Amino acid sequence: MVLPCHAIDTPNHLENLIEPNHSKLQELNIGGCNWVDSQTVTNIAYGLPKLIRLGLFWCEQVQFTSCLNIVQQLVYLKHLNLQHIPGINSKEKAMLLLNHGKRRLEYIEYSDKLRKTVIKKIK
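Please read all numbers here as calculations on a predicted model, not as lab measurements.

Participant: Summarise helix α1 (residues 38-47); cite the residues concerned and give the values.
Facilitator: Counting buried residues along α1, seven of its 10 residues qualify, which places the element largely inside the surrounding structure. Taken residue by residue, α1 has S38, T40, V41, N43, I44, A45 and G47 as its buried positions. At its buried positions, α1 is contacted by β1 (27-29), β2 (53-55) and α2 (64-73). Where α1 begins, the side chain of D37 points an oxygen toward the backbone nitrogen of Q39, at a separation of 3.1 Å.

This is the structure:
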């Protein structure tokens, strides 16, 4: 991971790196990349179907609805790091994502008043 990654792929939103039918990528950490926005997250949701772990911490442009899309689309996703994303700043929002996620989603990290918080799915 490179922090901060100010403009590694700003205009393309990872489109050039994603091939939905060929991607075997299981872990992606783009935390701290200030160019990541909802379009980038949508591209990840549809273009990287095998993701198990996704790190989006400090991606402040990402919206709650994009995160909801991620947890509904990525059927293999187990771990999602959403720390310091303004739209996911409460247990209620994190729980909503966890409950709307696919069966394999185990836990979400988020920030509540700048404090790291982890919620786990009860099995």
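Participant: Residues and numbers for the environment of G55, please.
Facilitator: Relative to the assigned elements, G55 resides in strand β2. Along the backbone, G55 and N81 are 26 residues apart, and their C-alpha atoms lie at a distance of 4.7 Å. Beyond its immediate chain neighbours, meaning those up to four positions away, G55 contacts L28, N29, I30, G31 and N81.

Participant: An account of the packing of α2 against helix α3 (residues 91-100) is needed here, citing residue identities and associated values.
Facilitator: In contact at an axis separation of 8 Å, α2 and α3 are set at 25° when each is read in the N-to-C sense. If you check the angle between α2 and α3, you find them roughly parallel. Where α2 crosses over α3, the two elements pack in a sense that is right-handed. Residues F64, C67, L68, V71 and Q72 of α2 pack against K93, L96, L97 and H100 of α3. Split by residue class, the contact of α2 with α3 holds six nonpolar, two polar and one charged.

Participant: Provide a residue-level description of the sheet that holds strand β4 (residues 107-112), including the pertinent values.
Facilitator: Taken in spatial order, the five strands line up as β1-β2-β3-β4-β5 in an open sheet, and their pairing is mixed. Here the strands that pair on one side only, and so sit at the sheet edges, are β1 and β5 (115-120). Looking at each pair of strands side by side, their axes are set apart by 15° on average, direction ignored. In the sheet, β2 pairs with strand β3 (residues 79-82) via three bridges, with the strands oriented parallel. Along β3, the bridge assignment pairs G55 with N81.

About the thresholds
- Position numbers for residues start from 1 in each chain and track the written sequence from start to end.
- This being a predicted model, a pLDDT of at least 70 is required before a residue's local features are given, and a value of 80 or more before pairs of side-chain atoms are given or counted; all residues contribute to the totals for chains, interfaces and linings.
- Note that the side-chain values use all heavy atoms of the structure and ignore hydrogens as well as water.
- Residue burial is assigned from relative accessible area. The probe radius is 1.4 Å, only protein chains are included, and a residue is buried under 20% of its type maximum, exposed over 50%, and partly exposed in between.
- Secondary structure is summarised from DSSP: a helix means a run of H or I of at least four residues, a strand means a run of E of at least two, and numbering begins at the N terminus for each.
- Contacts are assigned to residue pairs with any non-hydrogen atoms lying within 4.5 Å of each other.
- Polar contacts here mean pairs of N or O atoms no more than 3.5 Å apart (in protein, one a potential hydrogen donor and the other a potential acceptor; neighbouring residues in sequence count only if both atoms are side-chain atoms).
- Angles shown run from 0 to 180 degrees and are taken between the N-to-C directions of axes, each axis being a line fitted to C-alpha atoms and, for helices, limited to the stretch in contact.
- When an angle is under 35 degrees it counts as roughly parallel; over 145 it counts as roughly antiparallel; between 65 and 115 it counts as roughly perpendicular; any other value is oblique.
- Crossings are sorted by hand: turned counterclockwise from the far helix by less than a right angle, the near helix makes the crossing left-handed, and turned clockwise it makes it right-handed.
- By the convention adopted, Pro, Cys, Tyr, Trp, Phe, Met, Ile, Leu, Val and Ala count as nonpolar, Lys, Arg, Asp and Glu as charged, and the other residues, Gly among them, as polar.
- DSSP calls a pair of strands paired once it identifies at least 2 bridges connecting them.

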